[in-house]
Amino acid sequence: IHGAPQPKITKFTMGNPHGDFTHRVALIPLRKVQVRHNALEALRISVNKRLADKLGEANYCLRIKVYPHVVLRENKMMAFAGADRLQEGMRRAFGKPVGLAARVEPGKPIAEVEVKAEGVEAAKEALKVGASKLPTPCAVEVSPIGQAAG
């Protein structure tokens, strides 16, 4: 492949990465699937916007946990009269790069939000809205962040 296209998703960490948070809310896919980079970007934008509106920039940390490595190719076919004389069908049908995708395993988080206890409901709602942008059913999982014993 001559050159993979640039991923549409540019930022993988948003909000306050150095905050002192107590809970982690994760978006867990239920099936093995490939998620296109524009779907990841749509997820990031919608979740980040909802969290910023509800909690404020300093009260959460959103992380996208997958990276789109897989190059998607398409063998474009012509669709007009007389196209059959110009095309080669499946001969040399390697295709041109059209996008990127991330392979996602069931049970591994796609996105995680770290919040304080009072922001858990807002984070769950934001991730449910973000899950609608993905091509697979997802579960939202809440867990406390373990503090180091000391």
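In short, a report on the structure. None of the values given here were measured: they were computed from a predicted structure. (Residues numbered from 1 in each chain as written. Predicted model: local features only at pLDDT ≥ 70, side-chain atom pairs only at ≥ 80, totals over all residues. Heavy atoms only, no water.)

### Considering the packing of aromatic side chains
What the rule picks out here adds up to one aromatic pair. The ring of Phe94 has Arg73 sitting right over it, with the charged end atom 4.0 Å from the ring centre. (Phe/Tyr/Trp six-rings, centres within 6.5 Å; stacked < 30°, edge-to-face > 60°. Lys NZ or Arg CZ within 6 Å of the ring centre and 35° of its normal.)

### Some words on a nonpolar patch on the surface
A cluster of nonpolar side chains, namely Met78, Phe80 and Leu86, defines an oily patch on the protein surface of about 300 Å² accessible area. Mapped onto the elements of the fold, Leu86 is located in the loop between strand 5 (70–74) and strand 6 (96–104). (Patch = residues over 30% accessible without salt bridge, like charges linked within 9 Å, V, L, I, M, F, W, Y side chains within 5 Å. Areas by Shrake-Rupley, 256 points an atom, 1.4 Å probe, with all protein chains shown as cover. Salt bridge = Lys/Arg side-chain N within 4 Å of Asp/Glu carboxyl O. Helix = DSSP H or I, 4+ residues; strand = E, 2+ residues; numbered from the N terminus.)

### Some remarks on the environment of Arg36
Of note, Arg36 is situated in strand 3 (residues 33–36). Residue class for Arg36 comes out partly exposed when judged on its relative accessible area of 37%. Considered as a pair, Arg36 and Val120 are 84 residues apart in the sequence and their alpha carbons are 28 Å apart. If near-sequence neighbours (up to four positions away) are discounted, Arg36 is found in contact with Leu72, Val98, Gly99, Leu100 and Ala101. (Buried < 20%, exposed > 50% of the residue type's maximum accessible area, 1.4 Å probe, protein only. Contact = heavy atoms within 4.5 Å.)

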